[in-house]
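# A structural walkthrough
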Amino acid sequence: VQLVESGGGLVQPGGSLRLSCAASGFTFSTYVMSWYRQAPGKGRELVATITSAGRITNYADSMKGRFTISRDNAKNTVYLQMNSLKPEDTAVYYCKARSTTIPQYAYWGQGTQVTVSS
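The following refers to the structure shown.

Criteria and thresholds
- Residues numbered from 1 in each chain as written.
- Predicted model: local features only at pLDDT ≥ 70, side-chain atom pairs only at ≥ 80, totals over all residues.
- Heavy atoms only, no water.
- Helix = DSSP H or I, 4+ residues; strand = E, 2+ residues; numbered from the N terminus.
- Buried < 20%, exposed > 50% of the residue type's maximum accessible area, 1.4 Å probe, protein only.
- Lys, Arg positive; Asp, Glu negative; His and termini not counted.
- Salt bridge = Lys/Arg side-chain N within 4 Å of Asp/Glu carboxyl O.
- Polar contact = N/O pair within 3.5 Å; in protein donor to acceptor, adjacent residues only side chain to side chain.
- Contact = heavy atoms within 4.5 Å.
- Phe/Tyr/Trp six-rings, centres within 6.5 Å; stacked < 30°, edge-to-face > 60°.
- Lys NZ or Arg CZ within 6 Å of the ring centre and 35° of its normal.

## Some words on the side chain of Arg71
Positionally, Arg71 belongs in strand E7 (residues 67–72). For Arg71, which is buried and forms no salt bridge, the nearest opposite charge comes from Asp72, at a distance of 8.3 Å. For Arg71, the side chain forms a polar contact with the main-chain oxygen of Phe28, separated by 2.8 Å. From its side chain, Arg71 meets the backbone oxygen of Ser52 in a polar contact 3.3 Å long. Not counting chain neighbours up to four residues away, the residues in contact with Arg71 comprise Phe28, Ser29, Tyr31, Val32, Met33, Ile50, Thr51, Ser52, Gly54, Thr77, Val78 and Tyr79.

## Observations concerning the packing of aromatic side chains
Applying the stated criterion across every chain yields a total of 6 aromatic pairs. On the basis of an interplanar angle of 40 degrees and a centroid distance of 5.4 Å, the ring pair of Phe26 and Tyr107 is categorised as tilted. Taken together, the residues Phe26 in the loop between strand E3 (17–24) and strand E4 (31–38) and Tyr107 in strand E10 (residues 106–108) connect sequence positions 81 residues apart. On the basis of an interplanar angle of 85 degrees and a centroid distance of 6.5 Å, the ring pair of Tyr94 and Trp108 is categorised as edge-to-face. In this pair, Tyr94 sits in strand E9 (residues 91–99) while Trp108 sits in strand E10, placing the two residues 14 residues apart along the sequence. You can call Tyr94 buried: its relative accessible area is 13%. Through a chain of ring-to-ring contacts, three or more aromatic side chains come together here, namely Phe26, Phe28, Tyr31 and Tyr107. Sitting over the face of the ring of Tyr94, Arg44 holds its NZ or CZ atom 3.8 Å from the ring centroid. Looking at Arg44, its charged tip hangs above the ring of Trp108, at a distance of 4.6 Å from the centre.

Function cannot be read off these values alone, since they describe shape.
Shown next, in the form of C-alpha cells:
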C-alpha cells in the first residue's frame, strides 16, 4: 500500500497550490479519502474528506470556500486545490485512506510541505 503526496512548496499569501495523492496497493474506489495537515507545534487536523464515489465532500470551517477536494478513481488519485492561501495554512499536508468495509483499514501518506510566506 502506498499513498504518495506531491504538489507542495512555497507560495505567497493569496496564491494557490494543487496537491495530489497517488494511491496504489488497495481498491482506491472503495475508500473514503481525506486530507489532514499538521502545523509546527500543533496536532494533526482534518482539512477535507471525500466519499468513495466522490459524491459528498466535507471541509473544516476555516477551509470552506478556499479549498476543494476531488478525486479521480480512474487514476487512483485524490486532489486538494488550495486557493487564497494564508500564512496560517503553512503545514505538512497528509492524505489518508479509510476503508468503508469491516474490518476497517486506514493508510497514511508521508506528507508534503506547504509553506505560505512572502
